[in-house]
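# Summary of structural features
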Amino acid sequence: MDKAQLVNKAIEAREKSYSPYSGFCVGAALETEEGEVYLGCNIENAAFGPSVCAERTAFFKAVSEGRGDFKQIAIVGAPRGEEIHSFCSPCGVCRQVMSEFCRKDKFQIHLYNGEEIRTFLLEELLPYAFDLDGE
Ligand code: THU
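Residues numbered from 1 in each chain as written. Predicted model: local features only at pLDDT ≥ 70, side-chain atom pairs only at ≥ 80, totals over all residues. Heavy atoms only, no water.

### Let's talk about the packing of helix α2 (residues 54-64) against helix α3 (residues 92-101)
The criterion, for reference: Here an angle of 0 to 180 degrees is reported between the N-to-C directions of two axes, which are lines fitted to C-alpha atoms, with helices fitted over the stretch in contact. In this text, helices come from DSSP runs of H or I with a minimum length of four residues, and strands from runs of E with a minimum of two, each type numbered from the N-terminal end. For classification purposes, an angle smaller than 35 degrees is called roughly parallel, one larger than 145 roughly antiparallel, one from 65 to 115 roughly perpendicular, and anything else oblique. Handedness of a helix crossing follows the sense of rotation of the near helix relative to the far helix, less than a right angle counterclockwise being left-handed and clockwise being right-handed. Only heavy atoms matter for contacts: two residues are in contact if any of them lie within 4.5 Å across the pair. Residues are grouped as follows: Ala, Val, Leu, Ile, Met, Phe, Trp, Tyr, Cys and Pro are nonpolar; Asp, Glu, Lys and Arg are charged; every other residue, Gly included, is polar.
The N-to-C vectors of α2 and α3 enclose an angle of 25°; their axes lie 9 Å apart at closest approach. Compared by their axis directions, α2 and α3 come out roughly parallel. Note that α2 runs across α3; the crossing there is left-handed. Side by side, α2 and α3 meet where Glu55, Arg56, Phe59, Phe60 and Val63 of the first sit next to Val93, Cys94, Val97, Met98 and Phe101 of the second. Here the residues of the contact of α2 with α3 sort into 8 nonpolar, no polar and 2 charged.

In structure tokens form, the structure reads like this:
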């Protein structure tokens, strides 16, 4: 799938956002090397702590179904009722989850601001990541 198609999937995923506390709706579309796409949205909770980001929803859906070979993810976010108008960059926790399951020099992260798509490698967004190999 090309990056524009994946961004459209992320926009579709965002419609399912459960975010009554922040009002900020995020969608993510995660593609495996085989071309399967897993959608995720942010899911909040009255206790705040149990809330989860869209990216981790997508990763945990995929990993829990046995996937582990990820190619790229598209992420979009904006307040409810608004069109996408700025880039929604993944939080530090989501970057760390990506680093657990993805090649840092290969995995692509596509961000969209309503006009253009900006693409980063995971190693650009999470340099000197923690892992047990110490690499
Ligand atoms: N959020 C995401 O889902 N992904 C991000 O990359 C940044 C933040 C969510 C968490 C919370 O539900 C809302 O956006 C506001 O922080």
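### Points about the sheet that holds strand β5 (residues 117-121)
The condition that has to hold: Strands pair, by our definition, only if DSSP identifies at least two bridges between them.
Strand order in the open sheet made by the 5 strands is β2-β1-β3-β4-β5, with mixed pairing throughout. For this open sheet the edge positions go to β2 (37-41) and β5, each flanked by a neighbour on one side alone. Adjacent strand axes in the sheet meet at a mean angle of 20° when their direction is disregarded. Alignment of strand β1 (residues 24-32) against strand β3 (residues 70-79), held across 9 bridges, turns out to be antiparallel.

### Quick notes on the site of the ligand
Convention followed: Here a residue is near a molecule or strand as soon as one of its heavy atoms is found within 4 Å of it. Definition of a polar contact: a pair of N or O atoms within 3.5 Å, with one able to donate and the other able to accept a hydrogen when the atoms are protein atoms, and with sequence-neighbouring residues admitted only if both atoms are side-chain atoms.
What surrounds the ligand is the set Ser22, Phe24, Val26, Asn42, Glu44, Cys53, Ala54, Glu55, Cys88, Ser89, Pro90 and Cys91. Take Glu55: an N or O atom from its side chain is 2.5 Å from an oxygen atom of the ligand. One of the backbone N or O atoms of Ser89 is found 3.4 Å from an oxygen atom in the ligand. The set of elements that each furnish at least two residues to the shell around the ligand consists of β1 and α2. Class assignment for the residues of the shell around the ligand results in 7 nonpolar, 3 polar and 2 charged.

### A few points about the packing of aromatic side chains
We apply this condition: Only rings of Phe, Tyr and Trp enter the pairing, Trp through its six-membered ring, and a pair is recorded when the two centres are within 6.5 Å. The plane angle decides the type: under 30 degrees is stacked, over 60 is edge-to-face, the rest tilted. Per-residue accessibility, obtained with a 1.4 Å probe over protein chains only, is compared with the maximum for each type, and a residue is labelled buried under 20%, exposed over 50%, and partly exposed between these values.
Following the criterion strictly, the structure yields 4 aromatic pairs and no others. With 5.9 Å between their ring centres and 55° between their planes, Tyr21 and Phe48 make a pair best called tilted. Here Phe48 lies in the loop between β2 and α2 and Tyr21 lies in the loop between α1 (3-14) and β1, a separation of 27 residues in the sequence. Classification of Tyr21 as partly exposed rests on a relative accessible area of 42%. Classification of Phe48 as exposed rests on a relative accessible area of 57%. Ring centres of Phe59 and Phe101 lie 6.4 Å apart, and the angle between their planes is 25°; this geometry places the pair in the stacked category. Linking Phe59 in helix α2 with Phe101 in helix α3, this pair joins segments that are 42 residues apart in sequence. Phe59 sits in the buried class, given a relative accessible area of 0%.

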